[in-house]
Amino acid sequence: MKRSVGKLIQNYCLIVLGSLLYAVAFDWCFVPNGIAFGGITGLAQIVNASLPWAPVGTLVILFNIPLFLLGWKLLGGHLLVSSLVAMALSSLMIDGLAALYTFPAMEPLLACIFGGAVLGLGLGIIFLQGATTGGTDLVARLLKLKLAWLPMGKLLMGIDLVVIVAVALAFRSLNSALYGLVALYISTLVMDGVLYGLDNAKVAYIISDHPEEITKVIIHDLDRSVTYLPGEGGYSGASKKVILCAFKQREIVVIKETVRQVDPNAFMIVCAAHEVLGEGFRSYHQSEL
């Protein structure tokens, strides 16, 4: 019980951190440099431009109400509660930071690079806690139920692209849209890196005349499991055992050196693995992104 309470507190502390990063990116990089922002926050930018007395954060909360009502049945109470907290915190922090300090403009290219990176980091942290900031993040989470094979960053990029174009049209600024696209792309890369990049893993396919010796060393010395795949030489027609082995990024040098020592003539293909689930790696959870 104590462990679950501690885990819950940790999750919400990280949601606070992610929300703060989200607000800092918006107030520090996007607003003072006129860079188009995607999602519900971008729509709030458009309304705020016409109605300056309406704070962006407050508008975001109002726009999110129907989306939260829609997502309640589909996503469940826990995700909606944590998302409500993240949305409220990020929105209030946007208004709070804007009231406390007016950030000066900077070089637009630097703004979209650092703004996109900080935004992607904040969103990635929030998503890792099973929450969203509402708006198009919530829409992307709903779409993820049907399009489970698409990374969250790619889903968000498609949705936010439409909003960025709308913001650029409203402000009549092509540069605003172009910088917004750069920031969106960077935030997508950083977000997917936070969500999926921690599993930096490789897969090796090893073809050798000494598969048993290589297997023995990999299993006993490197504590990695292997699988044999049936193969056949295209020229010789001889049957081959193809060794399949998944391993961590940091083990790549050891794996290659091990294979070279056992069989210098071995043929080895090393591929990047997007995700590796199972023994020795992380476990799969049904509700994960």
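Refer to the structure above for everything that follows.
Residues numbered from 1 in each chain as written. Predicted model: local features only at pLDDT ≥ 70, side-chain atom pairs only at ≥ 80, totals over all residues. Heavy atoms only, no water.

(A) Spatial organisation of the packing of helix 9 (residues 211–220) against helix 10 (residues 252–262). Close contact between helix 9 and helix 10 brings their axes to 10 Å; oriented N to C, the two are set at 145 degrees. The handedness of the crossing between helix 9 and helix 10 comes out as right-handed. Taking contact as the criterion, the partners of E213, I214 and V217 in helix 9 are, on helix 10, T258, V259 and V262. Its residues assigned to classes, the contact of helix 9 with helix 10 comprises four nonpolar, one polar and one charged. (Axes fitted to C-alpha atoms, helices over the stretch in contact; angles between N-to-C directions. Helix = DSSP H or I, 4+ residues; strand = E, 2+ residues; numbered from the N terminus. Left-handed = near helix turned anticlockwise from the far one by under 90°. Contact = heavy atoms within 4.5 Å. Nonpolar A, V, L, I, M, F, W, Y, C, P; charged D, E, K, R; others polar.)

(B) Just the packing of helix 5 (residues 108–128) against helix 8 (residues 174–196), in detail. Packing of helix 5 against helix 8 leaves a shortest axis separation of 7 Å and a crossing angle of 35 degrees. Relative to helix 8, the crossing made by helix 5 is right-handed.

(C) Representation of the nonpolar core. With 37 residues, the main nonpolar core has F30 and L119 as its most contacted residues. When contributions to this core are tallied by element, the ones reaching two or more residues are helix 1 (2–30), helix 2 (39–50), helix 3 (56–75), helix 4 (77–100), helix 5, helix 6 (135–146), helix 7 (152–171) and helix 8. Not counting chain neighbours up to four residues away, the residues in contact with L119 comprise Y22, A25, F30, F37 and S187. (Core = buried A, V, L, I, M, F, W, Y, C linked by side-chain atoms within 4.5 Å. Buried < 20%, exposed > 50% of the residue type's maximum accessible area, 1.4 Å probe, protein only.)

(D) Fine view of the packing of aromatic side chains. For the structure on display, the rule yields one aromatic pair. Seen in terms of ring centroids, Y101 and F103 are 5.0 Å apart; in terms of plane orientation they differ by 90 degrees. Their pairing is edge-to-face. Take Y101: its relative accessible area is 47%, and that puts it in the partly exposed class. The aromatic ring of Y228 is capped on one face by K241, whose charged end is 4.8 Å from the ring centroid. (Phe/Tyr/Trp six-rings, centres within 6.5 Å; stacked < 30°, edge-to-face > 60°. Lys NZ or Arg CZ within 6 Å of the ring centre and 35° of its normal.)

(E) Representation of a nonpolar patch on the surface. Taken together, the side chains of W28, L109, L110, I113, F114 and V182 define a hydrophobic patch exposed on the protein surface, amounting to about 490 Å² of accessible area. A per-element tally of the nonpolar patch places helix 5 first, with four residues. Among the secondary structure elements, W28 is positioned in helix 1. Using a relative accessible area of 30% as the deciding quantity, one classes W28 as partly exposed. (Patch = residues over 30% accessible without salt bridge, like charges linked within 9 Å, V, L, I, M, F, W, Y side chains within 5 Å. Areas by Shrake-Rupley, 256 points an atom, 1.4 Å probe, with all protein chains shown as cover. Salt bridge = Lys/Arg side-chain N within 4 Å of Asp/Glu carboxyl O.)

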